Amino acid sequence: MSTVPVAATYLAGDGARGVEIGSVLIALALLVGYGIEARRRGTLSIPALCAIAGLGIFWQEFYADWGAYLLWSPSFHMMPWKSTLWTTPDKPWFVIFSYPVFMWSAFAAMLWLTRAATRRFPSAPPLLVCLLTAGPALFAINLAFEAVSVAYAGQWSYVDVIGPALSTAKGQQPVLYPGIPFGLFGGVTCYLILQQDSAGRPRFERLLRPDRFPPGWKREALRALSWLLVWNASYWLLLCTPVIAIRELFGQASALVP
């Protein structure tokens, strides 16, 4: 592990207010837009469900943060939820709104790439296609996003890093880890979404048997709940579990992210 320079622990948080306001506005725009679409069509679209599922996993961010030694800038407005087992001590409110926005946009690109690759290589195993397209895509999107947020804006930093890192006076950003398990989450989740029935719906939606209800809000609520369950399981097992386990087994104590 490499330790972040002391100077970089005083995070500047450049643009923190813009991030907070922008996240809220875009999330509200998604809510209104997809709400109108669902009312018109009588059903939730895949992009809308990606946004809903993204919102539903925001709370796991703080467990992944602890495992990765992530330290937030105090420039953000923080939740009253302080240190608990396996969570980072500070938890910005804007994460609630940024998660549906990030996952909605990232999965739109990932699903497009995966479908294009499937058309190009129709005989390739679907899981392999997803792991080799969606996984690296999410890895790259996240790396670029953090290059701006961490290295140049100081909105958060990683106190300890496994593997290579990009370090500036404003923060330290890991290059490979935890980006690799994050990409694994993306690849596996895209695969689950693209395993669809004849109606074009992911097969995991059958978990709660939404078709026992006629078209309407009860059926769509069960569909959304199945997405929330599957995304939470995927995120916890593929990202949070390994980063928590690796820190518990091999990590060092940290005064900044205890």
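Calculation criteria
- The residue numbering used here restarts from 1 in each chain and proceeds along that chain's sequence as written.
- Since the coordinates come from a predicted model, pLDDT governs what is reported: local features require at least 70, and pairs of side-chain atoms require 80 or more to be given and counted, while whole-chain, interface and lining totals use all residues.
- Heavy atoms throughout the structure, all of them, feed into the side-chain values; hydrogens and water do not.
- Pairing of aromatic side chains requires ring centres within 6.5 Å, counting the rings of Phe and Tyr and the six-membered ring of Trp. Pairs whose planes differ by under 30 degrees are stacked, by over 60 edge-to-face, and all others tilted.
- Helix and strand assignments come from DSSP, with helices taken as H or I runs of at least 4 residues and strands as E runs of at least 2, each series counted from the N terminus.
- For every residue, the accessible area (1.4 Å probe, protein chains only) is compared with the maximum for its type, and the residue is labelled buried under 20%, exposed over 50%, or partly exposed between those bounds.
- Salt bridges are identified by distance alone: a Lys or Arg side-chain nitrogen within 4 Å of an Asp or Glu carboxyl oxygen.
- Here the axes come from fitting lines to C-alpha atoms, over the contacting stretch only for helices, and the angles between their N-to-C directions go from 0 to 180 degrees.
- Reported orientations rely on four angle classes, namely roughly parallel under 35 degrees, roughly antiparallel over 145, roughly perpendicular from 65 to 115, and oblique for the rest.
- Should the near helix be turned counterclockwise from the far one by less than a right angle, the crossing is left-handed, whereas a clockwise turn marks it as right-handed.
- Should any heavy atoms of two residues lie within 4.5 Å, those residues are counted as being in contact.
- Classes in brief: Ala, Val, Leu, Ile, Met, Phe, Trp, Tyr, Cys and Pro nonpolar; Asp, Glu, Lys and Arg charged; the others, Gly included, polar.
- At least two DSSP bridges between two strands are needed for those strands to be called paired.

### What about the packing of aromatic side chains?
Both the distance between ring centres and the angle between the ring planes are used here to describe each pair of aromatic rings.
At step 1: Within the structure shown, the criterion is met by 21 aromatic pairs.
At step 2: Aromatic side chains phenylalanine 107 and tryptophan 231 sit 4.6 Å apart centroid to centroid with 40° between the ring planes, which places their arrangement in the tilted category. Highlighted residues: phenylalanine 107 in helix H4 (residues 94-120) and tryptophan 231 in helix H7 (residues 217-250), separated in sequence by 124 residues. One exposure class covers both phenylalanine 107 and tryptophan 231, and it is buried.

### Remarks on the pattern of salt bridges
At step 1: A full pass over the atoms with the stated rule returns 6 salt bridges.
At step 2: Across the salt bridge formed by lysine 170 and aspartate 14, the nearest N and O atoms sit 2.3 Å from each other. Within this pair, whereas lysine 170 is found in the loop between strand E5 (165-168) and strand E6 (171-174), its partner aspartate 14 is found in the loop between strand E1 (2-3) and helix H1 (16-41), the two being separated by 156 residues in sequence.
At step 3: Of the charged contacts, one joins aspartate 211 and arginine 219 as a salt bridge, the two residues approaching to 3.8 Å between their closest N and O atoms.
At step 4: Looking at aspartate 211, the relative accessible area reads 58%, which means it is exposed.
At step 5: A relative accessible area of 15% places arginine 219 in the buried class.
At step 6: Where salt bridges share partners, they join Glu205, Glu220 and Arg223 into one cluster.

### A look at the packing of H1 against H4
At step 1: Contact pair H1 / H4: the axes reach a minimum separation of 8 Å and the direction vectors enclose 55°. With respect to H4, the axis of H1 lies oblique. In the packing of H1 onto H4, the handedness of the crossing is left-handed. Contacts between H1 and H4 involve Val19, Glu20, Ser23, Val24, Ile26, Ala27, Leu30 and Tyr34 from the first element and Phe94, Phe97, Ser98, Pro100, Val101 and Trp104 from the second.
At step 2: Looking at the contact of H1 with H4, its residues break down into 11 nonpolar, 2 polar and 1 charged.

### Digging into the pairing of E5
At step 1: Pairing between E5 and E6: 4 bridges, direction antiparallel. Each residue of the ladder has a partner; that of leucine 166, found in E6, is glutamine 173.
At step 2: Between E5 and E6, which pair antiparallel one after the other, the connecting turn spans 2 residues.

### Description of unusual backbone geometry
At step 1: In this model, tyrosine 177 is joined to proline 178 through a cis peptide bond whose omega is 15°.
At step 2: By the secondary structure assignment, proline 178 is in the loop between E6 and helix H6 (179-194).
At step 3: Unlike most non-glycine residues, tryptophan 86 shows phi in positive territory, near 65°.
At step 4: By secondary structure assignment, the location of tryptophan 86 is in the loop between strand E2 (70-72) and H4.
At step 5: Not every positive phi belongs to a glycine, and arginine 209 is a case in point at roughly 50°.
At step 6: Structurally, the position occupied by arginine 209 is in the loop between H6 and H7.

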